[in-house]
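Per-entry structural report
One-letter residues, chain by chain:
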Amino acid sequence: MDWFFDTLRKYPELAIFLTLGLGYWIGAKKIFGFNLGAVTGTLLVGVLVGQLNITIAPIVKQVFFLLFLFGLGYGVGPQFFRGMKSDGLPQVIFAVIICVLCLLVTWGTAVAFGFDAGTGAGLLSGAQTISAVMGVATDTINGLNVDAATKKQWIDSIPVAYAVCYIFGTVGSAWILASLGPKLMRVDIVKECKEYEAKMSGGADSMELSGYRKFTARAYKLDRPEFVGKTVSELESRFVEARVFVERIRRGDQILDSDSKTVLQAGDVLGVTGRHDALVLQAPGIIGGEVEDRDVINLPAEIVEVVLTNKNLAGKTVQEIAESETVRELGRGVFLRKVVRGGHEMPVNWGLKLDRGDRLFLLGAKRDVERVVGKVGYVDRATDQTDMVFVGFGILLGGLFGSLVLTVGGIPITLSTSGGSLIAGLIFGYLRSVHPTFGRVPEPVHWFLTSVGLTAFVAVVGISSGPGFVEGFQQLGAKLFVAGVIATSVPMILGVYIARYVFKFHPAIALGVCAGARTTTAAIGQITETAKSQVPALGYTVPYAIGNTLLIIWGIVIVMLMT
């Protein structure tokens, strides 16, 4: 073991990878149904490894932190700027209020408990589960005009406070919003979500995927004389509240591709696509008996992921788009299977309002899909190529902007390179959503930037602060935990009341905006599970983008407030 420990001291880069490997492994283990997560797991392992007195150059953690912040901004940029529009403004204002509450409650608690600036920043980071605060707070402390010993003491206090407060910050937030929240509002959240879904669907069935094949193709023999000599469009119009299309026709020995103007003849076998329930319940009565004809329905089909960029479609509901004259013919044979916004799947039904940057998963025959996608947006086909020119210059420009210093009343104020990289990520992510022909960062690479970028930073923080961590935990452990409970609970409980009774959000949306403003993914997962619906996710993405930005910037503010 002496050889192993000496090797880690000689090659500190190996200590980082040891910490990452063990951190991810421990973070994924569930204890009583709860797991620490990769960040906390990595921090605790880093503290343990740090007992070996391993020295790592500070520049290492900063490189990883800048990658994380740019990746984070890139991911939430579209929702951040989308929220500035009139329909998203209430959610933006609410998120700002909650973020201010989180700052003020945490600051007040830190002052009341007599914490120093570093401990206060760690309290904010852990209680509000915003790990990136550790980085920007460290940068801010390093820029203060205080002696080196004080700086080190404050910086070493940050991960201690974070580790103590993070567990309740995560578990407590999920419990308050998912379990206590509906009781505070005195609502049955499952019932409220069902009613909201019914309202959004306009009385039609939800198009959300379920356990069976939602969209399918079947063959029917035309034996209704009233349609002989009529067009395909006239037959399709007989289906109530369902988009059903005749894609192919077998006429004698020939198989013909059809369109809305094709005239039907007696004895035609129709290859029909549409919702499974419409074909089973309505098609036999409208068209005729179902037959086995593999060739007439054996269409080359595909599912394509399209980034919505058409501003004429953005801001409209699915129903408005489907019923518009221009889209009705253009969209023949194409079905909306899934909508992903800000990495979260939306509840897909007629009332869902689409936005630029939404990722639409379109299903249909290849010829139909190819006809539509260019009118909707940009096809984001799978690739392993990352636009590193975009990423590299994005971080550079953001860092240069953040390095600027503004002196107010003799106090130097700066976003630091960290804050600048976050803002650059927001702007570049938005530009990518509007013009998706450049700046591609594939999902696996984006995960690496945001997950490994942060955990590698945290690993170095843990290793570097390891020697002083145990002593700080012994001195402030219980005190910090109580402070963390207060700093977590008060903003969330007040947030539920403000969302419901001041902003008049629907109960499910109220819980979603609270989770988003606090950037707590664990909470939105628990809320949707409790509600048995994805409706709360409609309130999550815009506040999440705002919260991720402001709460990280608060890492600078709380240090300034406490010095």
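Please refer to the structure placed before this passage.
Residues numbered from 1 in each chain as written. Predicted model: local features only at pLDDT ≥ 70, side-chain atom pairs only at ≥ 80, totals over all residues. Heavy atoms only, no water.

The next thing to look at is the overall build of the protein chain. Looking only at helices and strands, the protein chain has 22 helices and 13 strands in total. Dimensions of the protein chain, computed from C-alpha atoms along their principal axes, come out at roughly 90 × 50 × 50 Å. By the burial criterion, 55% of the 563 residues in the protein chain qualify as buried. Within the protein chain, counting contacts between residues at least 6 apart in sequence, those at least 24 apart form 80% of the total. For the protein chain, the exposed area adds up to about 24500 Å²; of that, 61% sits on carbon and sulfur atoms. Looking at the protein chain, you have 50 positive and 46 negative side-chain charges, and the mean spots of the two groups are 3 Å apart. (Helix = DSSP H or I, 4+ residues; strand = E, 2+ residues; numbered from the N terminus. Buried < 20%, exposed > 50% of the residue type's maximum accessible area, 1.4 Å probe, protein only. Contact = heavy atoms within 4.5 Å. Areas by Shrake-Rupley, 256 points an atom, 1.4 Å probe, with all protein chains shown as cover. Lys, Arg positive; Asp, Glu negative; His and termini not counted. Charge placed at Lys NZ, Arg CZ, Asp CG, Glu CD.)

Here we take up the nonpolar core. Membership of the largest hydrophobic core comes to 117 residues, with the highest contact counts inside it found for Phe 94 and Leu 352. Ranked by the residues each element gives to this core, the list is headed by helix α8 (residues 148-185), at 16 residues. Here this core spans two domains, and each of domain 1 (1-54) and domain 3 (300-377) adds at least three residues to it. Setting aside anything within four residues of it in sequence, one finds Phe 94 in contact with Gly 495, Ile 498, Ala 499, Phe 503, Phe 505, Val 513, Cys 514 and Ala 517. Counting 18 residues, the second-largest nonpolar core is a separate cluster that includes Leu 222, Val 232, Ala 278 and Leu 279. (Core = buried A, V, L, I, M, F, W, Y, C linked by side-chain atoms within 4.5 Å. Domains from an automatic or database assignment.)

The buried count for strand β6 (residues 269-275) comes to seven of seven residues, which makes it a mostly enclosed element. Here strand β3 (residues 215-221) runs beside β6; their pairing, made up of seven bridges, is antiparallel. Across the sheet, the residue bridging to Thr 216 is Gly 274, located in β6. Pairing geometry for strand β4 (residues 245-251) and β6, over five bridges, is antiparallel. (Pairing = 2+ DSSP bridges.)

The first and last C-alpha atoms of helix α4 (residues 58-82) sit 36 Å apart over 25 residues, in line with the 36 Å expected at 1.5 Å per residue. At Val 76, α4 shows its largest kink, close to 50°, and the proline Pro 78 lies no more than four residues downstream. (Expected span 1.5 Å × (residues − 1). Bend = angle between axes of the 7 residues up to and from the residue.)

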